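# Coordinates in review
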Amino acid sequence: MTSNAPLIDTVYHDLALRTLEVIRVTRVTPRLVRVTLGGPELAGFIDRAPADHVKAFFPAPGELEPVLPLLGDDDEGLIFPDVPPFPISRDYTTRRFDPVAGELDLDFVLHGSGVASVWAAQAAPGQKLGLAGPRGSVMVPLEFDWYLLASDETGLPGLSRYLEILPEGAIAKVFILVDDAGEEHHLETKADAAITWVHRDGLAHGEGDLLHRAISALEFPPGRPYVWITGEAGELKPIRRHLRAAGFDRDYTDVDGYWKRGTVNLDHHLADDDEEEPGADAASWPASSRRGGQGSSPHL
Ligand SMILES: Cc1cc2nc3c(=O)[nH]c(=O)nc-3n(C[C@H](O)[C@H](O)[C@H](O)COP(=O)(O)OP(=O)(O)OC[C@H]3O[C@@H](n4cnc5c(N)ncnc54)[C@H](O)[C@@H]3O)c2cc1C
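Residues numbered from 1 in each chain as written. Predicted model: local features only at pLDDT ≥ 70, side-chain atom pairs only at ≥ 80, totals over all residues. Heavy atoms only, no water.

## Here's the deal with the pairing of strand β7 (residues 89-98)
- In terms of residue burial, β7 counts as a mostly covered element, since seven of its ten residues are buried.
- Here strand β4 (residues 53-57) runs beside β7; their pairing, made up of five bridges, is antiparallel. Bridge pairing in β7 links phenylalanine 57 to serine 89.
- Relative to strand β8 (residues 103-109), β7 runs antiparallel, the two being bridged by four bridges. Paired with arginine 96 across the bridge in β8 is aspartate 105. (Buried < 20%, exposed > 50% of the residue type's maximum accessible area, 1.4 Å probe, protein only. Helix = DSSP H or I, 4+ residues; strand = E, 2+ residues; numbered from the N terminus. Pairing = 2+ DSSP bridges.)

Shown next as structure tokens:
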């Protein structure tokens, strides 16, 4: 890294547990539900960066209140019980936080099964959802020559937030994987963003290499890029290989599996099996960490 290289900083926040109330439910598209949360416990919530995320805690089937873990001292973090009732949690991105209105939006992909997806499909005002975090914010300085942003629907909240904060004139190449044209919707940006919606057209989620093919066909603009790509862990592997072969700087390349086909509640802090290469030297890309050398994702 040269001395004028951008510095990506991770700012940590005190961990807090909250029980919030559903204020509103909005269907953004047929497969995307926006749940607006509020209530007195939202006071003090911190949200600073596009990829900020929380652990959402869901009521067990038939229950009204979510079971929460305990909050440990300082570095202890969340303490989960050894005996039932067990907290049921999944990771979600903070799509929008408005401290004045006292509102927090989470966008849920409806994918058919899974506690979170099933809960979002029936969510209604007055229901309760638990929340922990965000644990921290990865602060990416907006001084790169261009941005490569790509995701399936699960990363769309973070990707949309990146587009919203990119300054006028910033060059962004954007690829979004969705089921079909019915999932496309307006994304706000001042940037010079070329947005490509990639359609599965009947292919199951996590199947195929459509995002990889779309990114492979891209002619990279000149200069230093920042890369943020999320989606199904298996679909990201060829993309990671492609960027590595093209010489992308690992410090500025964040390729993060947000879910994995057949896995319940993927821990995205576990390295994918293609991230650690035997015999790789320290300067090679990617390293053993989930993301590049800078701005590690805060662990909840
Ligand atoms: C940092 C982070 C931020 C995230 N932000 C968001 C967000 O803002 N919005 C969002 O919708 N998701 C987001 N995700 C992904 C979300 O946490 C997972 O998709 C989660 O597994 C969903 O929980 P579930 O209870 O519905 O399914 P699970 O019980 O975890 O899984 C049940 C089955 O469904 C499959 N599955 C899980 N997700 C999908 C999917 N999207 N499509 C098809 N099959 C799936 C699993 O492979 C498994 O077979 C984020 C993940 C991370 C790590």
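## Regarding the pattern of salt bridges
- All told, the structure shown has 15 salt bridges when counted by the stated rule.
- Here arginine 95 makes a salt bridge to aspartate 107, at a shortest N to O gap of 4.0 Å. Residue arginine 95 is found in strand β7, and its partner aspartate 107 is found in strand β8; the two are separated by twelve residues along the sequence. Across this residue pair, the class does not change: arginine 95 and aspartate 107 are buried.
- Each member of the salt-bridge network shares a partner with another, and the members are Arg24, Arg96, Asp98, Glu103 and Asp105. (Salt bridge = Lys/Arg side-chain N within 4 Å of Asp/Glu carboxyl O.)

## Thoughts on the nonpolar core
- Residues Tyr147, Leu149, Leu159, Ile176 and Tyr226 are the most contacted members of the largest nonpolar core, which totals 26 residues.
- When residues of this core are traced back to their parent elements, those giving at least two are β11 (146-152), α2 (156-165), β12 (171-178) and β14 (225-232).
- Ignoring any residue separated from it by four or fewer positions in sequence, one finds tyrosine 226 in contact with Ile8, Val140, Phe144, Trp146, Tyr147, Leu148, Tyr162, Tyr252 and Asp254.
- In this structure, Ala56, Phe58, Phe97 and Leu110 belong to the second largest nonpolar core, which totals 22 residues. (Core = buried A, V, L, I, M, F, W, Y, C linked by side-chain atoms within 4.5 Å. Contact = heavy atoms within 4.5 Å.)

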